[in-house]
Amino acid sequence: MARGRIQVRTESEIDLLRASSLLVGRTLAEVAKLIRPGVSTEDLDQVAETFIRDHGAVPGFKGYNGFPATLCTSVNHHVVHGIPNGDPLQEGDIVSVDCGVLMEGYYGDSAYTFMVGEVKPEVRRLLEVTQECLDDAVAEAIVGNRIGDIGWACQAHAEASGYGVVRELVGHGLGTHLHEPPEVPNYGRRGNGVKLQAGMVLAIEPMINLGRKEVVQEDDGWTIATADGLPSAHFEHDVVVREGKVEVLSTFKWIEEALGVVR
Ligand code: MG
Ligand code: MG
């Protein structure tokens, strides 16, 4: 996590962050169009990188601390930070696709967990609840609240469904660096932590496990997996703290269009 002070962004900086966040949404929609059994995460990565570069941006993750790819692709019990590979996705898999871009000096960072073909009802439910956790957490990002309110909202909803909330990985401030302060945990207590101010830009990203909350790191030095081997889901939005109502900079609308999701 980057050190330094928590930044409050100007409206012109927020415009740039919004543009980057929207490009991530467009990129994830290109990925959404391709998700099916037989496609590999390497295939998805190539399409994403080309799309990002064709739109005047660069992949935000590639080369970040040595990460080798444009996307983090985390299948089934992999939580986050999976490296794309040539293995074909299988019917019934889920895959978290996390994407970052850097455009005109500002980052966008958003993630969506996709279903590959027909997925077991219990796993489908995990995805639904994790997205609800994201929505609940995002809604707390208003002036006067604290970081702990965001985590509390996420944790309360996840644990009410019996799921495990990953502790070791957190959301973060977003701006001219991919990871800025403050850390944004997906668990917490109401009224605790840093006070939110108008213009703070946060990436909020619940990682919710079907089973226990514990995770392990795999031998590739990147991939985080559930300790119990059960599936995990991950959704991420970039938001601006505002007075009264949060502004969500990223969007899933093009992803949902591509998937035919009715909201
Ligand atoms: Mg991300
Ligand atoms: Mg992030």
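Remember, it's a predicted structure, so these values are computed and weren't measured experimentally.

Asker: Teacher, can you tell me more about the coordination of the magnesium ion (ligand 1) here?
Answerer: Tetrahedral coordination by four donors puts the ideal angle at the metal at 109.5 degrees, and octahedral coordination by six puts it at 90 or 180 degrees. Taken together, Asp 98 (OD), Asp 98 (OD), Asp 109 (OD) and Glu 236 (OE) make up the full set of protein donors to the magnesium ion (ligand 1), lying 2.0 to 2.5 Å away. Mapped onto the sequence, the residues coordinating the magnesium ion (ligand 1) show the spacing D-x10-D-x126-E. Between the magnesium ion (ligand 1) and the magnesium ion (ligand 2), the interatomic distance is 3.1 Å, and Asp 109 donates to each metal, bridging them. Of the two residues, Asp 98 is situated in strand E4 (residues 94-103) and Asp 109 in strand E5 (residues 106-115); the sequence distance between them amounts to 11 residues. By relative accessible area, Asp 109 is classed as buried at 2%.

Asker: Honestly, empty space enclosed by the protein in this entry has me stumped. Any pointers?
Answerer: If a probe as big as a water molecule is rolled over the atoms, it shows which places are left empty. With the rule as written, the count across this model stands at 1 cavity of 30 Å³ or more. Around the largest cavity, the lining residues are Ile 6, Gln 7, Arg 9, Gly 173, Leu 174, Glu 180, Pro 181, Pro 182, Met 200, Val 201 and Leu 202. The set of elements that each furnish at least two residues to the lining of the largest cavity consists of strand E8 (180-184) and strand E9 (201-204). A total of 3 residues in the lining of the largest cavity trace back to one element, the largest contributor, which is E8. Among the residues making up the lining of the largest cavity, the classes are represented as 7 nonpolar, 2 polar and 2 charged.

Asker: Can you walk me through the nonpolar core in this structure?
Answerer: Grouped together as the largest cluster of nonpolar side chains are 55 residues, with contacts concentrated most on Val 31, Phe 114, Ile 150, Leu 202, Ile 204 and Ile 255. If we ignore the near neighbours within four places in the chain, the residues touching Phe 114 are Leu 28, Val 31, Ala 32, Ile 35, Asp 93, Ile 94, Val 95, Val 97, Ile 255 and Leu 259. Listed in part, the 13 residues of the second largest apolar core include Phe 67, Ala 69, Leu 178 and Val 240.

Asker: Honestly, the packing of aromatic side chains in this entry has me stumped. Any pointers?
Answerer: A ring pair, where both rings are aromatic, is described by two values, the distance of the centres and the angle of the planes. This structure, assessed with the given rule, holds 5 aromatic pairs. Summarising the aromatic geometry, the rings of Tyr 112 and Phe 114 are spaced 4.8 Å apart at their centres and angled 50° between planes, so their arrangement reads as tilted. Classification of Tyr 112 by relative accessible area gives buried; the value is 6%. Given the relative accessible area of 2%, Phe 114 is considered buried. By the ring-pair criterion, three or more aromatic residues cluster together here, those being Tyr 112, Phe 114, Phe 235 and Phe 252. Lying over the aromatic face of Tyr 187, Arg 167 brings its terminal NZ or CZ to 4.7 Å of the ring centre.

Conventions we followed
- Residues numbered from 1 in each chain as written.
- Chains lettered and ligands numbered in written order.
- Predicted model: local features only at pLDDT ≥ 70, side-chain atom pairs only at ≥ 80, totals over all residues.
- Heavy atoms only, no water.
- Donors = N, O, S within 2.8 Å, 3.2 Å for Na, K, Ca; no water.
- Helix = DSSP H or I, 4+ residues; strand = E, 2+ residues; numbered from the N terminus.
- Buried < 20%, exposed > 50% of the residue type's maximum accessible area, 1.4 Å probe, protein only.
- 1 Å grid on protein atoms, 1.4 Å probe; cavity = no way out; pocket = protein on both sides within 12 Å on 5 of 7 lines; lining within 4 Å.
- Points joined across faces, edges and corners; volume = space filled by probe spheres on them.
- Nonpolar A, V, L, I, M, F, W, Y, C, P; charged D, E, K, R; others polar.
- Core = buried A, V, L, I, M, F, W, Y, C linked by side-chain atoms within 4.5 Å.
- Contact = heavy atoms within 4.5 Å.
- Phe/Tyr/Trp six-rings, centres within 6.5 Å; stacked < 30°, edge-to-face > 60°.
- Lys NZ or Arg CZ within 6 Å of the ring centre and 35° of its normal.

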